[in-house]
Amino acid sequence: MRQSTLFGRTLREAPAEAQTVSHQLVLRAALARPLATGLYTLLPLGYRVARKIEQIVRDEIDRIGGQEMKIPIIIPAEYMQETGRWDALEPNAFRTKDHSGRDYMIPYTHEELFTHHARNEVVSYRQLPLIAYHFQAKGRDEERSRGGLLRVREFVMKDSYSYDLDAAGMEKAYRAHFEAYVRIYRRLGIRAHAVESDTGAMGGDVAHEFQVLTDEGEDTLVFCTTCDYKANLERATRRLPEPAPAVGVPAREQIETPGLTTIEQLQRSLGLPASAFLKTLLLRTSDGKVIAVVLPGDRELNHAKLRKRLGGRAFAFASDADFAASRTVPGFVGPIVPSGGLIVDASVEPRGYVAGANVKDRHVKNLLPGRDLPSFERLDVHDVHDGDACPSCGGRLAAHRGVEVGNIFKFGTYYSDKMHATYLAEDGTRKPMYMCSYGIGIGRNLQTIIIENHDDKGIVWPISVAPFEVHVIALPMNDDAVRAAAEGLVADLESRGIEVLYDDRNDSAGVKFADADLIGIPFRVAVSRRSLGSASVELKARAATELELVPKDVAAERIVGIVHRAREAARFS
RNA sequence: CGGGGUGUAGCGCAGCUUGGUAGCGCGCAGCGUUCGGGACGCUGAGGUCCCGGGUUCGAGUCCCGGCACCCCGACCA
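Residues numbered from 1 in each chain as written. Chains lettered and ligands numbered in written order. Predicted model: local features only at pLDDT ≥ 70, side-chain atom pairs only at ≥ 80, totals over all residues. Heavy atoms only, no water.

Novice: Which parts of the structure should I look at to understand the sheet that holds strand E13 (residues 253–256)?
Specialist: Sheet strands associate in pairs through backbone hydrogen bonding, adopting either a parallel or an antiparallel arrangement. The strand order across the open sheet built from three strands is E13-E19-E18, with neighbouring strands paired in antiparallel fashion. Looking at the sheet topology across the chains shown, the edges are occupied by E13 and strand E18 (353–356). Across the sheet, the mean angle separating the axes of adjacent strands is 35° when strand polarity is ignored. Bridge count between E18 and strand E19 (residues 362–367): three bridges; the pairing is antiparallel. (Pairing = 2+ DSSP bridges. Helix = DSSP H or I, 4+ residues; strand = E, 2+ residues; numbered from the N terminus. Axes fitted to C-alpha atoms, helices over the stretch in contact; angles between N-to-C directions.)

Printed below as a string of C-alpha cells:
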C-alpha cells in the first residue's frame, strides 16, 4: 500500500473533542472519524485493525466449535415482544417502522433472534450442543456516548450463543468460552481480568465481564489484594465486621436539629462520624410503589444491587407527594414503612444510631434497629469501598477503574422458557434448551488495545492486529536510487506475504518518522541515501529504541524471518 | 436526564469586555531551494463567524430562543 494514496490523513493536533489519549490517537492516526455523536466511520487503517481483531475472535470461537452465521441488522418487533424486551426501557433502543407501519428495531443484542432460529432448527437432542455466532452491528441509543470508540451508539459485536441439553452441558460451553476469551485477549495484546458482574438488562444470573484496568475506564471494580476475588462494583459484596452486641442503649429520644438535612451537616453539628447515622432514602419504583431504604450514613446505595433485589424494577427518587403520603419530611426522613415496604441494608448494625424523626428539624438518637424499627426486609444494597474486607477471604479489597472488553452470561432456560425453545429428549419428553450468550465489542477492543499499547509518540500495535506489519520509508523520495531500492524491497516483501505500508510521500524525514511512530506499525524499515551508502537498510522495531543496519541484499529475507517469528510469538504467547 | 463548558477556514486557536473592512499558527495548491526526527522562501486558495429571531445606520461581538459538541454524575460490548 502506497501511503501517498492512503484514504485518511494523520493529524498533528488532536481535535479538541478528544480528551483521552486513546481517543486522540484514534483520530490522529486516521483510524476513525466521527460522523455524529457516538457514530464513527472506520477509515482504511482502522478497518484493517478491526478485521484482524475479528479474525482472531473468529479463529478462537471456531476452535471451540462455533458456527458463524449472520442475522440481519434490523429485526421485526415480534421477537423482542416475546420476552418483553421490546417494552424494556434499558438500554435505549433504535426503533423504526416500515412502509406499512410495522415495528422494527436495530437490536442491542440478539438473544431472541438466535433463540428463535434455535427453536426452529433444533428439534432433537441429537442436534445439541450448539454454538452459533455472528459479527453484527448493535444499536444502543446511549444518552451519553464518550471516549471515542469506547462507548458508542452503534458498534459491531461478536455475539455467540450456546444451546445445551442441560445445566452440565451449559457449564461446559460457558467454560469453553471463558477459556476462548482468555486466549483472545492474550492474542490481542491486552490484559483482561475476568470479574463477577451484574447481569443487568440481560436477564439470567451468573455472568463474568472481562475488564482491562485503566483510568480511561468507566466501570469501577474491586479486586481482593489477597485472594482472587474480583467483582464489578455493581455486584461486589464485602465481609461485614462482627457486630458488637448492643448493651445498654438508652431509650430513643428526639433531638432538635434545625436546618440540618445532610449527613455532613449533622456530623459537624453533633461531632459524630458519618457511620453513627442512618440515612433513609424514599424511592418510587416503576410499578408505582414507594419504598424506604435505610443505609448507614457512610454508605451509598448501590443502584444495580437494589434493582436486582426489586426483581428488575426501575426506581427513582420519590416526589414531594410521596413524602407527604408517607408522612415524612425531606431531609428528616427516618425509618418508616411506606406502601412498598422498608428495606434495611445488611451493613446496619444492632446499635444506637441517629436517624431522621420524620418531623421537620428533628432527629432521633439511640435508635436501635432490632428494637425501634418497624418490620423490614434486610438486604445487601450498599456500595463496597476501597479498603473493605473481601467477602471470600477477609483480605483487603482495592478499587480500580476498568473498560469492559467482553462479557459472558449464563442464562439457563430464561430465554428458552419465554420463547418455547425446546427439544425432544432421548426419553421422548420435551425439554428446554440451556443457553448462554457471549459478547465482544470490536471497536471498544480496538481502542483498548491502544490504551494498553502506546507511548508518548503514538501507537505501538501488537503485530497480531497491526494495520500493516512493515512500514517502509524512503528518504528522500526524489532520489532515484533510494526510490528504486525501496520499491524493490516493498515488492519483494509483498510477494512473500508481508503486509507493507510504503511511505512514498514527498515529505521530510521528520514528518515521515513522526507519522510512522504515530501509526505504530511494528517494524519500520528506512531506505535512505545514508543507509544505501553502506549498502544496507535500517530496521527498527516500533517498541524498541535501537536500530539495526541490515545489508540490502539480505534485507527482505531477514525481515520476512523476523515478521514470521513475531507472528508466531503473537499467536502462542 | 441533572450540573459545568465550548461552537470563528480541514485542525489548533485569537478577536467578543468597549459593535465599524474576519485574523494567527499548522495543514492545503503552485514555483524554487532543501532532504535522517514534524525544513525554508515567494505566491495563492480556502469563511452562511452553529441556526433562527431581535436591538442598531451597522452584529462574530449585545439581547432572546433553539441546535450541536465536550466534560462530570444515573445506565451498558
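Here the narrative resumes.
Novice: What exactly am I supposed to notice about the sheet that holds strand E30 (residues 536–541) here?
Specialist: The strand order E28-E27-E29-E30-E31 describes an open sheet built from five strands, whose pairing is mixed. At either margin of the open sheet sits one strand with a lone partner, and together these are strand E28 (500–503) and strand E31 (548–551). Adjacent strand axes in the sheet meet at a mean angle of 25° when their direction is disregarded. Here strand E27 (residues 470–475) pairs with E28 via four bridges, running parallel. Paired with Ile 473 across the bridge in E28 is Asp 503. Against the sheet, helix H13 (residues 509–519) makes contact with E27, E28 and strand E29 (523–528), and its axis sits at roughly 175° relative to E27, the strand it touches most. (Contact = heavy atoms within 4.5 Å.)

Novice: Looking at this structure, how should I read the pattern of salt bridges?
Specialist: It is possible for side chains bearing opposite charge to pair when their charged atoms get close. For the structure shown, the criterion picks out 43 salt bridges. The shortest N-O distance in the salt bridge between Lys 410 and Glu 171 comes to 3.0 Å. One end of the pair, Lys 410, is in strand E21 (residues 397–412); the other, Glu 171, is in helix H5 (residues 167–188), with 239 residues separating them in the sequence. Judged by relative accessible area, Lys 410 falls into the buried class, the value being 13%. (Salt bridge = Lys/Arg side-chain N within 4 Å of Asp/Glu carboxyl O. Buried < 20%, exposed > 50% of the residue type's maximum accessible area, 1.4 Å probe, protein only.)

Novice: Whenever I open this one, the protein's contact with RNA strand B confuses me. Can you help?
Specialist: If you check the shell around RNA strand B, you find 49 residues, and the closest are Thr 37, Asn 407, Asn 478, Asp 517 and Ser 528. Near the protein, meaning within 4 Å, the atoms of RNA strand B are sugar or phosphate in a fraction of 53%, with bases accounting for the rest. For RNA strand B, a sugar or linking oxygen lies 3.4 Å from a polar atom in the backbone of Gly 441. Contact between RNA strand B and Gly 510: a sugar or linking oxygen at 3.4 Å from a main-chain N or O atom of the residue. Those elements that place two or more of their residues in the surface near RNA strand B are strand E8 (154–164), E21, H13, E29 and helix H14 (529–533). (Near = heavy atom within 4 Å. Polar contact = N/O pair within 3.5 Å; in protein donor to acceptor, adjacent residues only side chain to side chain.)

Novice: Teacher, can you tell me more about the nonpolar core here?
Specialist: The biggest cluster of nonpolar side chains holds 50 residues, and the ones touching the most others in it are Leu 31, Ile 53, Tyr 181, Leu 188, Leu 446 and Trp 461. Element by element, the count of residues in this core is highest for H5, at eight residues. With residues near it in sequence (within four places) discarded, Leu 446 still touches Leu 31, Gly 46, Val 49, Ala 50, Ile 53, Leu 149 and Trp 461. Formed by 28 residues, the second largest nonpolar core is a distinct cluster that contains Ala 474, Leu 493, Tyr 502 and Leu 539. (Core = buried A, V, L, I, M, F, W, Y, C linked by side-chain atoms within 4.5 Å.)

Novice: Help me understand the side chain of Ser 197, please; the structure alone is not making it clear to me.
Specialist: With respect to the element layout, Ser 197 can be found in the loop between strand E9 (192–196) and strand E10 (206–213). Excluding residues within four positions of it along the chain, Ser 197 makes contact with Ala 207, His 208, Glu 209, Asn 232 and Arg 235.

Novice: Would you mind going over the packing of helix H12 (residues 480–495) against helix H15 (residues 552–572) with me for this structure?
Specialist: Geometrically, a packed helix pair is captured by the angle between its two axes and the distance between the axes. Orientation of H12 relative to H15, taken along the N-to-C sense of each, is 35°, at an axis distance of 10 Å. Considering how the two elements wind past one another, H12 and H15 form a crossing that is right-handed. Listed contacts from H15 to Ala 485, Leu 489, Asp 492 and Leu 493 of H12 are Lys 552, Ala 555, Ala 556, Ile 559 and Val 560. Of the residues belonging to the contact of H12 with H15, the class tally is seven nonpolar, no polar and two charged. (Left-handed = near helix turned anticlockwise from the far one by under 90°. Nonpolar A, V, L, I, M, F, W, Y, C, P; charged D, E, K, R; others polar.)

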